[in-house]
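Examining the three-dimensional arrangement
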Amino acid sequence: MQRGSLVRSKRKHGPDVWQFRWSERGPNSKRVYRRRVIGTVEQYQDEGAARGAVAALVSEINTHQPIASVNPLTVAQLADHFEQRELGRDNTWRTHATKKTYKGHMKRWIVPYWGQRRLFEVRTIEVECWLRRLPLAKSTCAKIRNLMSVLFNHACRYELYDHNPIHLVRQSAKRKQAPSLLTPAEIKALVDTLDLRERALVLLAASTGLRQSELFALKWGDIDFAGGTMDVTRSIVYGVVGRCKTESSQKPVPLHPRVAETLVRWKERCTSREADDWVFASKQNRGRKPYWGQAILRRYLRPAARAVGIEKRIGWHTFRHSYSSLLRSVGTDLKVMQELLRHSSFRSTLDAYT
């Protein structure tokens, strides 16, 4: 039986890491040596903790029969195995934002409650009742439920377990209350009080329905002022540039002449004006990165909204919801709405936004 070896390795920057090493037979029967970074010494303070994190990997290496019958794993070990295999930097199946969200939900909710349970001890009804007790929005509970299902599907895929008990767990994602919407009068009142940078941001968000990640990822080369369109080709989340949320999100967006005029005035004021420069480049980062959206929202937009009598709590997504509802209020065809909002599914347009 192969147990592999754990080695503590130093890095140029940051804390030391635990590295797991093992060997396996290659296609030509020659021995191939493998290694994988398990985590930092801050995550696993001693070798025993690091050894526990690779229990699923060790089982996978040593047997060709279903592992669940040989060495029942805990949920915490499954979560570690999933993180090592699916949430690493070299894995491009999921976006950076999704990986960060998955890690956060596992660390904050799933592992603290279910971590020490063996996989066969996780019961459908118990999971359902636990989700209902969580002090979270229904949509967040639904995401946690879906992540638990992803974990058990991962276990089945690697033959760590033989079925998914989350498949029959019921959890609604329906909102408890409708999202805040801004009327055209409120948007105009807000825009009239803002400086040029914030005015350009709000006009773009309110007239195109761009997501925050897409709004701050715009570059001057994406905007065709002559043709009156914008290409949405990337997004930025937590400072990391990546692809858009869905393939449908990468469609061209029409640009209103007044918004284009405001952007031209903003470009004249900017020092970064090349095609590859950010439209909303941060001066603090010397134009290398765009502004942080939440900081602008907190320091400028919300105080300005309160100053003109808007008591609603607004966020960047408020403009997207408002844009959708305004389109519907003027009788826009639902298929056209789906194209303008760049939704991958027609149901999203109907249920979540309108």
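1. Quick notes on the packing of aromatic side chains
- Tallied over the entire structure, the rule returns nine aromatic pairs.
- Plain terms: the ring middles of Trp 266 and Phe 280 are 6.1 Å apart, the flat faces sit at 25 degrees to each other, and that makes the pair stacked. With Trp 266 in helix α10 (residues 257-269) and Phe 280 in the loop between α10 and α11 (293-307), this pair connects stretches of sequence that are 14 residues apart.
- For Trp 266, a relative accessible area of 6% corresponds to the buried category.
- Judged by its relative accessible area of 1%, Phe 280 is buried.
- Each residue in the set Phe 216, Trp 266, Phe 280, Trp 316 and Phe 319 is aromatic and connected to the rest through ring pairs, giving one cluster.
- When the ring centre of Trp 109 is taken as reference, the NZ or CZ atom of Arg 108 above it lies at 4.1 Å.
- Above the face of the Tyr 300 ring, Arg 197 is positioned so that its terminal group lies 5.1 Å from the ring centre.

2. Some details on the packing of helix α3 (residues 75-86) against helix α6 (residues 138-157)
- Between α3 and α6, the least distance of the axes is 10 Å, while the angle of their chain directions is 80 degrees. When the interaxial angle is binned, α3 and α6 end up roughly perpendicular. Only Leu 147, Val 150, Leu 151, Phe 152, His 154, Ala 155 and Arg 157 of α6 make contact with α3, whose side of the interface consists of Leu 78, Ala 79, His 81, Phe 82, Arg 85 and Glu 86.
- Within the contact of α3 with α6, the residues separate by chemical class into eight nonpolar, two polar and three charged.

3. Section: helix α13 (residues 334-341)
- Among all positions in α13, only Met 337, Gln 338 and Leu 341 are buried. Down the axis of α13, the buried set is contained in an arc of 100 degrees. They therefore lie on one face.
- Backbone geometry just downstream of α13 places Arg 342 in the positive-phi region, at approximately 60 degrees.

4. Remarks on the nonpolar core
- Membership of the largest hydrophobic core comes to 45 residues, with the highest contact counts inside it found for Leu 190, Leu 204, Phe 216, Leu 263, Phe 280, Trp 316 and Phe 319.
- When residues of this core are traced back to their parent elements, those giving at least two are α7 (184-193), α8 (196-208), α10, α11 and α12 (316-329).
- Here this core gets eight residues from one element, more than from any other, and that element is α8.
- With residues up to four places along the chain from it excluded, the contact list for Phe 319 reads Leu 182, Leu 190, Val 202, Ala 205, Ala 206 and Leu 301.
- Ile 144, Met 148, Leu 151 and Phe 152 belong to the second-largest nonpolar core, a separate cluster that totals 29 residues.

5. A short note on the side chain of Ser 235
- Its place among the elements puts Ser 235 in strand β6 (residues 235-237).
- Here Ser 235 is in contact with Ser 213, Glu 214, Ala 217, Val 240, Val 241, Gly 242, Arg 243 and Cys 244, once residues within four sequence places are set aside.

Parameters at a glance
Residues numbered from 1 in each chain as written. Predicted model: local features only at pLDDT ≥ 70, side-chain atom pairs only at ≥ 80, totals over all residues. Heavy atoms only, no water. Phe/Tyr/Trp six-rings, centres within 6.5 Å; stacked < 30°, edge-to-face > 60°. Helix = DSSP H or I, 4+ residues; strand = E, 2+ residues; numbered from the N terminus. Buried < 20%, exposed > 50% of the residue type's maximum accessible area, 1.4 Å probe, protein only. Lys NZ or Arg CZ within 6 Å of the ring centre and 35° of its normal. Axes fitted to C-alpha atoms, helices over the stretch in contact; angles between N-to-C directions. Parallel < 35°, antiparallel > 145°, perpendicular 65-115°, else oblique. Contact = heavy atoms within 4.5 Å. Nonpolar A, V, L, I, M, F, W, Y, C, P; charged D, E, K, R; others polar. Arc of directions from axis to C-beta. Core = buried A, V, L, I, M, F, W, Y, C linked by side-chain atoms within 4.5 Å.

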